[in-house]
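Here is what each chain is made of, one letter per residue.
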Amino acid sequence: MCDQTFLANVFGSCDKCFKQRALRPVFKKSQQLSYCSTCAEIMATEALHENETLASLKSEAESLKGKLEEERAKLHDVELHQVAERVEALGQFVMKTRRTLKGHGNKVLCMDWCKDKRRIVSSSQDGKVIVWDSFTTNKEHAVTMPCTWVMACAYAPSGCAIACGGLDNKCSVYPLTFDKNENMAAKKKSVAMHTNYLSACSFTNSDMQILTASGDGTCALWDVESGQLLQSFHGHGADVLCLDLAPSETGNTFVSGGCDKKAMVWDMRSGQCVQAFETHESDINSVRYYPSGDAFASGSDDATCRLYDLRADREVAIYSKESIIFGASSVDFSLSGRLLFAGYNDYTINVWDVLKGSRVSILFGHENRVSTLRVSPDGTAFCSGSWDHTLRVREVVFSFPVCERRGEG
Amino acid sequence: MAAGPAPPPGRPRAQMPHLRKMERVVVSMQDPDQGVKMRSQRLLVTVIPHAVTGSDVVQWLTQKFCLSEEEARHLGAVLVQHGYIYPLRDPRSLVLRPDETPYRFQTPYFWTSTLWPAAELDYAIYLAKKNIRKQGTLVDYEKECYDRLHTKINHAWDLVLMQAREQLRAAKQRRKGDRLVIACQEQTYWLVNRPPPGVPSVLEQSPGRGSCAASRVHMTKRADFYKQEIEYCRRALGRTRVKSSVCFEAYLSFCSQRGPHDPLVSGCLPSNPWISDDDAYWVMNAPTVVAPTKLRVERWGFSFRELLEDPVGRAHFMDFLGKEFSGENLSFWEACEDLRYGAQAQVPTLVDAVYQQFLAPGAARWVNIDSRTMERTLEGLRQPHRYVLDDAQLHIYMLMKKDSYPRFLKSDMYKGLLAEAGIPLETKKRVFPFSRRPRHSSPSPALLPTPVEPTAAGGPGGGDGVA
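Residues numbered from 1 in each chain as written. Chains lettered and ligands numbered in written order. Predicted model: local features only at pLDDT ≥ 70, side-chain atom pairs only at ≥ 80, totals over all residues. Heavy atoms only, no water.

- Named according to an unreviewed UniProt entry, chain A is Guanine nucleotide-binding protein subunit beta-5 originating from Macaca nemestrina.
- For chain A, the Sequence similarities (unreviewed entry) comment in UniProt is given as "Belongs to the WD repeat G protein beta family." (UniProt positions renumbered as here; feature names shortened; annotations may be inferred.)

### Observations concerning helix α21 (residues 390-410) of chain B
Residue and element names in this part refer to chain B.
- For α21, built from 21 residues, the straight-helix expectation of 30 Å at 1.5 Å per residue is met to within 8% by its first-to-last C-alpha distance of 29 Å.
- Remark: the principal bend of α21, roughly 35°, maps to S404, with a proline, P406, within the next four residues.
- Residues of α21 that are buried: D390, A392, Q393, I396, Y397, M400, S404, Y405 and F408.
- Turning to α21, the residues buried within the fold contact α16 (304-309), α17 (311-323), α18 (327-340), α20 (371-380) and α22 (412-420). (Helix = DSSP H or I, 4+ residues; strand = E, 2+ residues; numbered from the N terminus. Expected span 1.5 Å × (residues − 1). Bend = angle between axes of the 7 residues up to and from the residue. Buried < 20%, exposed > 50% of the residue type's maximum accessible area, 1.4 Å probe, protein only. Contact = heavy atoms within 4.5 Å.)

### Things to note about the UniProt feature "repeat: WD" (unreviewed entry) in chain A
Residues and elements named next belong to chain A.
- When the UniProt feature table is mapped to this numbering, "repeat: WD" (unreviewed entry) covers residues 101-133, 191-232, 233-276, 277-318, 330-362 and 363-396.
- For residues 191-232, the end-to-end C-alpha separation is 14 Å, with 0% helix and 60% strand making up the annotated structure.
- Within the segment residues 363-396, helix and strand shares are 0% and 56% respectively, and the terminal C-alpha atoms sit 11 Å apart.

### Brief notes about the state of the cysteines
All names here are of chain A.
- Summed over the entire model, instances satisfying the criterion amount to zero disulfides over all chains.
- The thiol of C383 is unpaired, and the distance to the nearest cysteine sulfur, on C153, comes to 10 Å.
- Owing to a relative accessible area of 0%, C383 belongs among the buried residues under this scheme. (Disulfide = S-S within 2.5 Å.)

### Notes on the sheet that holds strand β12 (residues 189-193) of chain A
Residue and element names in this part refer to chain A.
- With antiparallel pairing, the four strands of this open sheet are ordered in space as β9-β10-β11-β12. The two strands at the open ends of the sheet, each matched to only one other strand, are β9 (152-155) and β12. Across this sheet, the average inter-strand angle for adjacent strands is 20°, counted without regard to direction.
- Taken together, the four bridges between β9 and strand β10 (residues 161-165) define a ladder with antiparallel strand orientation. Looking at β10, one finds that Y155 is bridged to I162. (Pairing = 2+ DSSP bridges. Axes fitted to C-alpha atoms, helices over the stretch in contact; angles between N-to-C directions.)

### A look at the sheet that holds strand β4 (residues 102-105) of chain B
Residues and elements named next belong to chain B.
- Strand order in the open sheet formed by four strands is β1-β2-β4-β3, with antiparallel pairing between adjacent strands. Each end of this open sheet is capped by a strand with a single partner; those strands are β1 (39-43) and β3 (85-87). Across the sheet, the axes of successive neighbouring strands diverge by a mean angle of 55°, strand direction being ignored.
- Sheet analysis places β1 next to strand β2 (residues 46-53), joined by four bridges and oriented antiparallel. Bridged to L43 within β2 is T46.
- Strand contacts of helix α3 (residues 54-65): β1, β2, β3 and β4, with the helix running at about 30° to β2, the strand carrying the most contacts.

Right, here's the structure in full:
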């Protein structure tokens, strides 16, 4: 015989069915309610159903992902560096800084080249956006944005306008004017509206469309003239930090990378994610397409750069070294795709041989982290912007080929 | 200076993976067998055990990671900057001197990832201790901070002073050596967390990201998130993949084909403008130039896209098509491009113009599309949008690519262009390297009138944004 304990019952009207019954305290989303026993039972089974569904969905997703990895692995018959063994090694590199652009009073966060191969737009933490003729180092235009941390800027293909944005959650387009009487800020056009900071922006093939990436986890395509949202891209699970348009013939896709460690390839027309890659171990700070458009590289806080092939649908190379500890903030390819330049948070720039996977050179010179790096449109030089307030344009002076340096493997 | 909004007390190790890696390096440096050689360092009259010299640190890094001297010094400097290694003699600046200067490894208690973020109260106590211990040891910026904190946490100031005195009293009971070490450790910690003006803070992060990471975590893993994943996986499983070896061969051939055209790999003629300060290279390779260089004409043969992207190449191709009476194909393609990348407001007008000129029965420049695509396109024209001509455009593009383009490459016209095109002579290197050529400025594209492309639609060319 066991003792029977009786609950003290409260009688009243049930919060759900409003019938006069014996009530039980029930917690729904941390709010205490009083349900009759019938309603309490129903609620319990409902919750169970929901959880089961969630759990089963999760396991289904996991198993499908596993199957996907298997399929991808089936066609992986050789490693890139093995195939690259028959390629001649690159010679000894000497890279010199040819121009140092000083003028920003604060950290340089982003830069972009103009199609004329010499002009540059750069943006900084104090809200200043400057257009330089980097060949002569003259400043041609300067705008002060109403916000700080202008993390994204882009040059229009025609060279007649620039776009920028940051903590103001917007992307604004400024037409460039040489008219002394006109204030550039007066003609500013607010194009994109996000619900969190703007992390990257890029014009498509014309001045009239802009693609943006934001801390709100989405990317979006906008019509500059009207500010209308043409397409939005949802799928990232966290902030989107970077994007790059594909140099393909049919020009329809772009890749984005985010804090959810995923790099996703999108179809601009439908807004759907076409391919996704999740092999990085930390935030992806920068993505850039290989010049042929068949692959793209990504730089991440996990101190590695990786190459993903779109046709093989997998990661095909990792560029890392044990001594490289800090994250890569920006990457770009040389014109032939043989060299990968990556700027890191430990103030250095590492240059990688894309095919062989080895590091070709390490460049010092910046006094704070390298935040942005782009190769010029005709591939004659590359420019790096840093938190040390400067931008440096560097090029390469080659020596004769030497056998690979020991330890540079 | 404070670095923006204070990051929430998250998990710094997850947010800053480089800290974890640095810690691993530092731990292996302290390995009794494989680590850096430790020795006792004499400072005035005290002997401090487990000290290392700057040069030993650099050498260990060189050997362990097979680095050059410069890189090892840089890595060592970074470790010191983050406070994992501190100088014993001059604890005011965190720099690595690759000589006999003594250093020590920071205790894990004070590691950046352990005790983070640094609390204002603790800083106040630290400054108060310094002030009490010896009047006048506070440096200018420290004095400022001290005053500022005094106003800010005035209500807790008694606590601050009490704590400071208490800690000083406890410290007096330690051996002199330990006291010195702890003082250095604490000073290093504060140099990292409250850097003096002029020294960039190594802990500064971009805004928004500090809060992101592990805590923000994946927008709620709800049912629809998983459904999306499942949907994506199913689609991905159905896609065709290419063998890795095939993809890699493509890279190799692309790189070798483009190698001579890559200035950073093969140099450029007459000279790289950034080296010689002479913009002749850009003048010779301007978008519209009468005599394109040989390399440029060669590139037109690499792919159809290369040919179309080069205005000079495209113009020649248009001439060629004209001779074959298929010029309307290229014009149609250009008009479609204008539509795709044009302003939203112009879409209906452009679509209509294209239809009138290229697709309508009896149109002036009718393009030959297969009947099925034509049917689909005409159907879609009822509700015009910017992608309505995509199918037709692709069809014409492939037609040109598979048919006209190869014939162009085999044509006398192209061969003639290739033969005519010259290779610029290399600019002779200047005898006196110090005399710099004046760097000529060029007119900004924002000044030039936008070049109007010969679009079939006859509308304004793209990119009209001139003020």
